[in-house]
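# A structural walkthrough
Each chain is listed here by its residues.
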There are 2 protein chains.
Amino acid sequence: MRFSELNLKLPNWVEPFLDGFDTDLSTTEQRMKLVIELSRENFKKNTGGPFAAAVFDLDSGNLLHCGVNLVESVGCSIAHAEVVALSLAQQALGTYDLSQNNRRCQLLTSTEPCAMCLGAICWSGVSSVVCAARDEDARRIGFDEGDKPTDWIATLTKRGIAVERDILRESAADVLKSYADSGGIIYNPKSLND
Amino acid sequence: MRFSELNLKLPNWVEPFLDGFDTDLSTTEQRMKLVIELSRENFKKNTGGPFAAAVFDLDSGNLLHCGVNLVESVGCSIAHAEVVALSLAQQALGTYDLSQNNRRCQLLTSTEPCAMCLGAICWSGVSSVVCAARDEDARRIGFDEGDKPTDWIATLTKRGIAVERDILRESAADVLKSYADSGGIIYNPKSLND
């Protein structure tokens, strides 16, 4: 066995992009606008699929960390935008539980979470999730969202995780469509496409 | 926003442990024995929860990578044993799709996958999954397995991923019980325990 390591970090373009994004981030819509622009920039810069996410501290209003899909660029099927944003926010705070010290964190995601990310959300300690595009918008261009419980929103709310959806949905769905139109890779495992 | 990185790698004890594990690894039971011993060693060495996993190439019989739970030691709720094993196997092979080049990979896990890991398995490109302890063995000591589809095995088999369960179940469940008896942390997010 050859020992390997996984290193997840944001692409180099993200820091100057955030510096240049001078919109106020006090409302949910403004935050989602940032997330959607990150999803667009991620595929334009060829660093991954058209997906982005961000974790905000609901009390301070601070952006704790953002994430973009890094499946292709890192070579890791787990590196969905939500996983990246949640993991890096936890690393920034030094805890595996974002709810530590009664912190209330919100995850915003450009597309409703797939089955894996839905599970990851439950373990992360976030208290709410906000989504833009729907599962069907991702499926329409060929992405597989996995086998989610039929009422996946109820599975989160019963755990105390509030869900808002359709925030700037059209704008996020437009990014997905642009990705498909540009010939972007739909990177489901080959075995699932046989 | 303070930019952070996530680095996942196996604890230092794993390499000498594997070197000292001189059992033949040609049968499923022998491979699972290795995985269960890794799960036991992980909590004894204080590097994480009592969970381990491994990815084997079914054609060559080679161990591609193993993984252990690193939630506490890395401070990352996503760092379940299956996620670690799958991610590191992908890094070792340089692809986000373990089924690339018609490779057939098998994931062995000391406990049936939680909802997040179940999703991760679908995106990884493995062709089969072998489990030791059942969900209820993990739940019995307080771990949350998440909201999995009722017939989660069918969700895998319909995607061409074969599932075997109960391989050395008692032995793996004994490790879980030993962890609980030793006062090991049950690290569900605080918000879920309120």
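Above this text sits the structure in question.
Keep in mind the model is a prediction, meaning the values are calculated, not measured.

### Quick look at the packing of helix α4 (residues 81–93) of chain A against helix α5 (residues 115–124) of chain A
All names here are of chain A. Between α4 and α5, the least distance of the axes is 9 Å, while the angle of their chain directions is 15°. The angle between α4 and α5 places the two elements in the roughly parallel class. Crossing handedness for the pair α4 and α5: left-handed. Within the contact between the two elements, α4 uses Glu 82, Val 83 and Leu 86 and α5 uses Cys 117, Ala 120, Ile 121 and Ser 124. Split into classes, the residues belonging to the contact of α4 with α5 amount to 5 nonpolar, 1 polar and 1 charged.

### Brief notes about α5 of chain A
Because an α-helix packs 3.6 residues into every turn, residues spaced three or four apart end up facing the same way. Buried residues dominate α5 of chain A, accounting for 10 of its 10 residues. All of the buried residues along α5 of chain A are Ala 115, Met 116, Cys 117, Leu 118, Gly 119, Ala 120, Ile 121, Cys 122, Trp 123 and Ser 124 of chain A. In the core, the buried residues of α5 of chain A are packed alongside α4, β4 (105–111), β5 (128–133) and α7 (152–157) of chain A together with α5 (115–124) of chain B. Phi turns positive, to about 90°, at Gly 125 of chain A, one or two residues after α5 of chain A.

### Notes on the environment of Ser 73 of chain B
Residues and elements named next belong to chain B. Inspection of the secondary structure puts Ser 73 in helix α3 (residues 71–75). Exposure remark for Ser 73: the 17 C-beta atoms within 10 Å place this residue in the partly exposed category. C-alpha separation for the pair Ser 73 and Lys 158, spaced 85 residues apart in sequence, amounts to 36 Å. Contact partners of Ser 73, with chain neighbours within four places excluded, come to Thr 47 and Gly 48.

### What to know about the interface of chain A and chain B
At the interface, 56 residues of chain A touch 56 residues of chain B. Looking at the side of chain A that touches chain B, the elements that each hand over two or more residues are β1 (6–8), α1 (14–20), β3 (63–68), α3 (71–75), α4, α5 and α9 (190–193) of chain A. If you tally residues by element for the side of chain A that touches chain B, the top one is α5 of chain A, at 8 residues. Each residue belonging to the side of chain A that touches chain B can be placed in one class, and the counts come to 27 nonpolar, 20 polar and 9 charged. Here β1 of chain A runs beside strand β1 (residues 6–8) of chain B; their pairing, made up of 3 bridges, is antiparallel. Counted as the bridge partner of Asn 7 of chain A is Asn 7 of chain B from β1 of chain B.

### A closer look at the pairing of strand β2 (residues 52–57) of chain A
Remember that side chains alternate between the two faces of the sheet whenever the strand is regular. Residues and elements named next belong to chain A. Burial analysis of β2 places 5 of its 6 residues in the buried class, which makes it a mostly covered element. Two strands pair when backbone bridges link them, and β2 and β3 are joined in this way by 5 bridges, in the antiparallel orientation. By the bridge assignment for β3, Ala 52 is matched with Val 68. Two successive antiparallel strands, β2 and β3, enclose a turn made up of 5 residues, where Gly 61 displays a positive phi of approximately 80°.

### A short note on the packing of α5 of chain A against α5 of chain B
Two elements in contact, α5 of chain A and α5 of chain B, have axes separated by 7 Å at closest approach and are oriented at 150°. Taken together, the axes of α5 of chain A and α5 of chain B are roughly antiparallel relative to one another. Here the hand of the crossing between α5 of chain A and α5 of chain B comes out left-handed. For the pair α5 of chain A and α5 of chain B, contact is made by Ala 115, Met 116, Leu 118, Gly 119, Ala 120, Cys 122 and Trp 123 of chain A and by Ala 115, Met 116, Leu 118, Gly 119, Ala 120, Cys 122 and Trp 123 of chain B, respectively. Classifying every residue of the contact of α5 of chain A with α5 of chain B gives 12 nonpolar, 2 polar and no charged.

### Focus on the environment of Asp 174 of chain B
Here Asp 174 of chain B shows up in helix α8 (residues 169–181). Note: C-alpha distance between Asp 174 of chain B and Val 35 of chain B (139 residues apart in sequence) is 13 Å.

### Overview of the relation of the copies chain A and chain B
Take chain A, turn it by 180°, move it 0.0 Å along the axis, and it overlays chain B with an RMSD of 0.0 Å. The operation mapping one copy onto its partner corresponds to a two-fold rotation axis. A share of 100% of the interface residues of chain A reappears at the interface of chain B, consistent with the copies meeting face to face through the same patch.

### Thoughts on the sheet that holds strand β5 (residues 128–133) of chain B
Residues and elements named next belong to chain B. Pairing is mixed across the open sheet formed by 5 strands, whose spatial order is β3-β2-β4-β5-β6. Strands with a single pairing partner mark the edges of an open sheet, and in this sheet they are β3 (63–68) and β6 (162–164). Between one strand axis and the next, the sheet turns through 15° on average, direction left out of account. Looking at chain direction, strand β2 (residues 52–57) and strand β4 (residues 105–111) are connected through 5 bridges and run antiparallel. If you follow Phe 56 over to β4, its bridge partner there is Gln 106. Relative to β2, helix α2 (residues 28–44) is tilted by about 145°, and along the sheet it contacts β2, β3, β4, β5 and β6. Sheet strands in contact with α8 are β4 and β5, and its direction is about 60° off that of β5.

Conventions used here
Residues numbered from 1 in each chain as written. Chains lettered and ligands numbered in written order. Predicted model: local features only at pLDDT ≥ 70, side-chain atom pairs only at ≥ 80, totals over all residues. Axes fitted to C-alpha atoms, helices over the stretch in contact; angles between N-to-C directions. Helix = DSSP H or I, 4+ residues; strand = E, 2+ residues; numbered from the N terminus. Parallel < 35°, antiparallel > 145°, perpendicular 65-115°, else oblique. Left-handed = near helix turned anticlockwise from the far one by under 90°. Contact = placed C-beta atoms within 7 Å. Nonpolar A, V, L, I, M, F, W, Y, C, P; charged D, E, K, R; others polar. Buried ≥ 20, exposed ≤ 12 C-beta atoms within 10 Å, placed from the backbone. Pairing = 2+ DSSP bridges. Least-squares fit on C-alpha atoms with pLDDT ≥ 70 in both.

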